[in-house]
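Observations on the model geometry
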Amino acid sequence: MAVYAVGDIQGCFSALQRLIDKLGFNPRQDTLWFVGDLVNRGPESLAVLRWVKALAPAAVVVLGNHDLHLLAAAEGVRPVRKEDTFQDVLEAPDREALLDWLRHQRLLYREKDFVLVHAGLLPQWTTAEAEALAIEVEQVLHGADYKTLLREMYGSSPAHWSPDLMGMARYRVIINALTRLRFCTAEGEMDLSQKGPPETAPQGFFPWFALPNRRSRDAVIVSGHWAALGLRVEDSLLALDSGCVWGQRLSAVRLRDRKIYQVSCGGG
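This write-up is about the structure you can find in this document. (Residues numbered from 1 in each chain as written. Predicted model: local features only at pLDDT ≥ 70, side-chain atom pairs only at ≥ 80, totals over all residues. Heavy atoms only, no water.)

The next point concerns the state of the cysteines. Working definition: the covalent bond between the sulfur atoms of two cysteines is a disulfide. Per the counting criterion, the structure on display carries 1 disulfide. With a sulfur-sulfur separation of 2.1 Å, Cys 244 is cross-linked through a disulfide to Cys 265. Taking the sign of the S-S torsion, about -100° here, the bridge from Cys 244 to Cys 265 comes out left-handed. A residue pair is termed long-range when its members are at least 10 positions apart, and Cys 244 in the loop between β11 (237-239) and β12 (249-254) and Cys 265 in the segment after β13 (259-264) qualify at 21 residues. A relative accessible area of 1% places Cys 265 in the buried class. Between Cys 12, a free cysteine, and Cys 244, which holds the nearest cysteine sulfur, the sulfur-to-sulfur gap is 3.9 Å. (Disulfide = S-S within 2.5 Å. Helix = DSSP H or I, 4+ residues; strand = E, 2+ residues; numbered from the N terminus. Buried < 20%, exposed > 50% of the residue type's maximum accessible area, 1.4 Å probe, protein only.)

On to the pattern of salt bridges. Side chains carrying opposite charge are able to pair once their charged atoms draw close together. Applying the stated criterion across every chain, the model contains 13 salt bridges. In this structure, Arg 81 and Asp 84 form a salt bridge, with 3.3 Å as the shortest nitrogen-oxygen distance. Owing to a relative accessible area of 31%, Arg 81 belongs among the partly exposed residues under this scheme. Taking the shortest distance from any N to any O, the salt bridge between Glu 234 and Arg 232 comes out at 2.6 Å. (Salt bridge = Lys/Arg side-chain N within 4 Å of Asp/Glu carboxyl O.)

It is worth spelling out the pairing of strand β1 (residues 3-6) at this point. Burial along β1 is two-sided: Val 3 and Ala 5 and Tyr 4 and Val 6, pointing in opposite directions, are all buried. Where β1 and strand β2 (residues 31-34) come together, 4 bridges link them in parallel fashion. The residue of β2 that forms the bridge with Val 3 is Thr 31. Following the chain from β1 across helix α1 (residues 13-23) to the adjacent parallel β2, one finds a crossover that is right-handed. (Pairing = 2+ DSSP bridges. Right-handed = clockwise from strand over helix to strand, strands pointing away.)

Read across the open sheet, the 5 strands follow the order β3-β2-β1-β12-β13; overall the sheet is mixed. Either end of the sheet is taken by a strand with one partner, and the two such strands are β3 (59-61) and β13. Sheet twist, expressed as the mean angle between neighbouring strand axes with direction ignored, is 20°. Pairing of β12 with β13, which is carried by 6 bridges, proceeds in the antiparallel orientation. The partner of Leu 250 across the bridge, within β13, is Val 263. Lying on the sheet, α1 is in contact with β1, β2, β12 and β13; it crosses β13 at an angle near 145°. (Axes fitted to C-alpha atoms, helices over the stretch in contact; angles between N-to-C directions. Contact = heavy atoms within 4.5 Å.)

Another point: the sheet that holds strand β7 (residues 190-191). Overall, antiparallel pairing links the 3 strands, which are arranged β7-β6-β8 in an open sheet. In this open sheet, the two edge strands, each paired with only one partner strand, are β7 and β8 (206-207). Both strand β6 (residues 183-184) and β8 contribute to a ladder of 2 bridges, which runs antiparallel. Paired with Cys 184 across the strands is Phe 206, a residue of β8.

This part takes up the pairing of strand β4 (residues 108-111). Two elements, β4 and strand β5 (residues 114-117), share 4 bridges in a ladder whose sense is antiparallel. Paired with Tyr 109 across the strands is Leu 116, a residue of β5. Following β4, the chain reverses through 2 residues before pairing antiparallel with β5; Lys 112 in that reversal takes a positive phi of roughly 55°.

The residue Leu 150 is located in helix α7 (residues 146-152) in this model. Here Leu 150 falls in the buried class, since its relative accessible area comes to 0%. For the pair Leu 150 and Val 117, spaced 33 residues apart in the sequence, the C-alpha separation amounts to 19 Å. Residue contacts for Leu 150: discarding those within four places in its chain leaves Leu 68, Leu 71, Ala 72, Glu 75, Val 77 and Leu 141.

Written out as structure tokens, the structure reads:
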């Protein structure tokens, strides 16, 4: 039995299928972990969702910012943007089943020494605290008031976590950290506007995983989201967004020995 973590797919279904073939994946005994952003910007979001949904229970999925945006657009609480490419999902006869399945996925998954999350963790959070905060938001997302959460999650303020935060401000910070984080200060203030590689960090800000005071360093964080960072394998980090949707590569890692598998994504 093997567990493979797969980077951001973003609707690149043909690349995903070529990567799965390369893994020799057997759904009867292996498991796939998906770091989020299953959909959007690529050409076949619908095919990706249908395929991953059908994998259960051999798939573990955490939500990325593009997945949450699809849910918000589908509920009509946010407009579809000109660069969005998930119209195939919105027009599908099985859209409601797919969207309901997607809405009930996790924001963070923790197993043994591994934490699966789309973007990152703030330095103040232990992995147990991050998991508890993710569950807070998941309970709202899975509940009757989920449309309010989808509408109010947008925005970059507050930029700093405080345990005293309440309501939608609290949920927004948690969602932003788990699905949008790249740079933050040692105190946990987030800069969510800069998307470049680590050397483009604003003054006083650092890649979230590089902070020496990060309380989650005892775990291996498996993440995506940061195409400009690229594939990065460190003792406590497996960063897997290698820019497939931008014509680069789709990456996976076998967790037991950190073997890397990649396919080219030219042409989606």
